Amino acid sequence: GCRSNEVQSFRSLDKSISQWTVEDVCDWLRRGCLEEKAFMLEAVTYHAISGRVLLRLTDRTLVKMGLLQQSQRHEVLQTVQELRLQQELEDLIDLSDDDIDRENS
């Protein structure tokens, strides 16, 4: 279903989430299945939300951006939380790769 598509959609970008441009964030949103996709696309463009900013979104930020319904914010934040976990995994993998490189040199 939709969940697995979301996971694949952000893995298919070749750079880490924190390096995403506003356009990358829009691509990710277009491929995802948020109910508030249209609103979020507009907000991401208007507020110039890059991957780094996306990873830092909070409930309060979403309210300020105009997403007033709790259930909608919850859905967005849950999806962002999945991205945070993905980013942390990538960072851990990078760290362990660095350790292996040091051990082998």
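Residues numbered from 1 in each chain as written. Predicted model: local features only at pLDDT ≥ 70, side-chain atom pairs only at ≥ 80, totals over all residues. Heavy atoms only, no water.

Describing the overall build of the protein chain
Right, on to step 1. From N to C terminus, the protein chain includes six helices and zero strands.
Right, on to step 2. Starting at the N terminus and ending at the C terminus, the protein chain contains elements arranged as α-α-α-α-α-α.
Right, on to step 3. When each of the 105 residues of the protein chain is scored for burial, the buried share is 35%.
Right, on to step 4. With the model as given, the accessible surface of the protein chain reaches about 6,700 Å², and the carbon-plus-sulfur share is 51%. (Helix = DSSP H or I, 4+ residues; strand = E, 2+ residues; numbered from the N terminus. Buried < 20%, exposed > 50% of the residue type's maximum accessible area, 1.4 Å probe, protein only. Areas by Shrake-Rupley, 256 points an atom, 1.4 Å probe, with all protein chains shown as cover.)

Considerations on a nonpolar patch on the surface
Right, on to step 1. Where nonpolar side chains cluster on the molecular surface, the patch consists of L89, L92, I93 and L95 and spans about 400 Å² of accessible area.
Right, on to step 2. As for its position among the elements, I93 is in helix 6 (residues 70-104).
Right, on to step 3. Residue I93 is classed as partly exposed on the basis of its relative accessible area, which comes to 48%. (Patch = residues over 30% accessible without salt bridge, like charges linked within 9 Å, V, L, I, M, F, W, Y side chains within 5 Å. Salt bridge = Lys/Arg side-chain N within 4 Å of Asp/Glu carboxyl O.)

Here we look at the packing of aromatic side chains
Right, on to step 1. As enumerated under the stated definition, the model contains one aromatic pair in all.
Right, on to step 2. Where W20 meets W28, the ring centres are 6.1 Å apart and the plane angle is 45°; that geometry is what we call tilted. The burial state of W20 is the same as that of W28; both residues are buried. (Phe/Tyr/Trp six-rings, centres within 6.5 Å; stacked < 30°, edge-to-face > 60°.)

A short note on the environment of D24
Right, on to step 1. The residue D24 is located in helix 2 (residues 22-31) in this model.
Right, on to step 2. Classification of D24 by relative accessible area gives buried; the value is 10%.

Overview of the pattern of salt bridges
Right, on to step 1. Across all of its chains, the model carries four salt bridges by this definition.
Right, on to step 2. The closest approach of N and O atoms between K15 and D24, which form a salt bridge, is 2.8 Å.
Right, on to step 3. Overall, K15 belongs to the partly exposed group, its relative accessible area being 32%.
Right, on to step 4. Taking the shortest distance from any N to any O, the salt bridge between E23 and R30 comes out at 3.3 Å.
Right, on to step 5. Given the relative accessible area of 45%, E23 is considered partly exposed.
Right, on to step 6. Given a relative accessible area of 44%, R30 falls into the partly exposed group.
Right, on to step 7. Several salt bridges converge on common partners, so that one network encompasses E23, D27 and R30.

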